[in-house]
Amino acid sequence: MPGYIEMTQARRCDDGLDETDRLIVAELQENARISNVELAKRVNLSPTPCYERVRKLERSGVVLGYHAKVDRGVLGLRQGAFASVSFNSNDDASLGDLLSKLASLDEVLEVVELAGQPILRIKLLGESVSSISDLLKRQLRGHPAVVSYDTDFIASAHIERL
């Protein structure tokens, strides 16, 4: 059996996941409500080892949670936008305050810092162009961390994943 263990370890990637783990993750990303029995069939395992692998993926932080995909348009949130915010990289306290404010806003879906430049990219979803514009004006204008910002409004989305 040593050959089997060596082979299994060799097929694991740097992140510690083997092919079966990756298949499980892919299936869960496609349908988080899949039953363990169906998941086990799709990844060619019996139900108990499949269940144990899913729990291991959860405990190790690979699977962080399970979420419902919601039609935000039905909720009145039909307009998306990306805002690019140039910020003062010499003022960590003001930047922290800005990030806290942004994190508290339901309209803010994502905030990332771009490499190479002091720029935040903010993904937003709101009721309308004017509601997003007004929100950004209230939150960004005059904030000590903000040097400048601009906004691009989404005309149509072609591919969207969680």
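Residues numbered from 1 in each chain as written. Predicted model: local features only at pLDDT ≥ 70, side-chain atom pairs only at ≥ 80, totals over all residues. Heavy atoms only, no water.

Undergrad: Please set out the overall build of the protein residue by residue, giving values where relevant.
TA: Within the protein, the regular secondary structure consists of 6 helices and 4 strands. Starting at the N terminus and walking to the C terminus, you meet the elements of the protein as α-α-α-α-β-α-β-β-α-β. When each of the 162 residues of the protein is scored for burial, the buried share is 28%. In the protein, once contacts between residues fewer than 6 apart in sequence are set aside, the share between residues at least 24 apart is 61%. On the protein, roughly 11300 Å² of surface is accessible, and the fraction owed to carbon and sulfur atoms is 50%. Counting 20 positive and 24 negative side-chain charges, the protein places the averaged centre of each group 5 Å from the other. (Helix = DSSP H or I, 4+ residues; strand = E, 2+ residues; numbered from the N terminus. Buried < 20%, exposed > 50% of the residue type's maximum accessible area, 1.4 Å probe, protein only. Contact = heavy atoms within 4.5 Å. Areas by Shrake-Rupley, 256 points an atom, 1.4 Å probe, with all protein chains shown as cover. Lys, Arg positive; Asp, Glu negative; His and termini not counted. Charge placed at Lys NZ, Arg CZ, Asp CG, Glu CD.)

Undergrad: Break down helix α6 (residues 129–140) for me, with residues and values.
TA: Each α-helix turn comprises 3.6 residues. Residues three or four places apart therefore point the same way. Under the 1.5 Å per step criterion, the end-to-end length of α6 is 16 Å for 12 residues, consistent within 8% with the ideal 16 Å. Listing the buried residues of α6 in full gives Ile-132, Leu-135, Leu-136, Gln-139 and Leu-140. Taken end-on, α6 shows its buried residues confined to a sector of 100 degrees, consistent with a single buried face. On its buried side, α6 packs onto β1 (79–87), α5 (92–103), β3 (119–126) and β4 (146–153). Once α6 ends, the next one or two residues include Gly-142, with phi positive near 80 degrees. (Expected span 1.5 Å × (residues − 1). Arc of directions from axis to C-beta.)

Undergrad: Tell me about the pattern of salt bridges, and name the residues and values.
TA: One pass over the full model with this rule turns up 5 salt bridges. For Glu-58, the salt bridge is made with Arg-55, and the minimal N-O distance between the two is 2.7 Å. Of the two residues, Glu-58 and Arg-55 both sit in helix α4 (residues 47–59), 3 residues apart, roughly one turn of that helix. Judged by its relative accessible area of 27%, Arg-55 is partly exposed. (Salt bridge = Lys/Arg side-chain N within 4 Å of Asp/Glu carboxyl O.)

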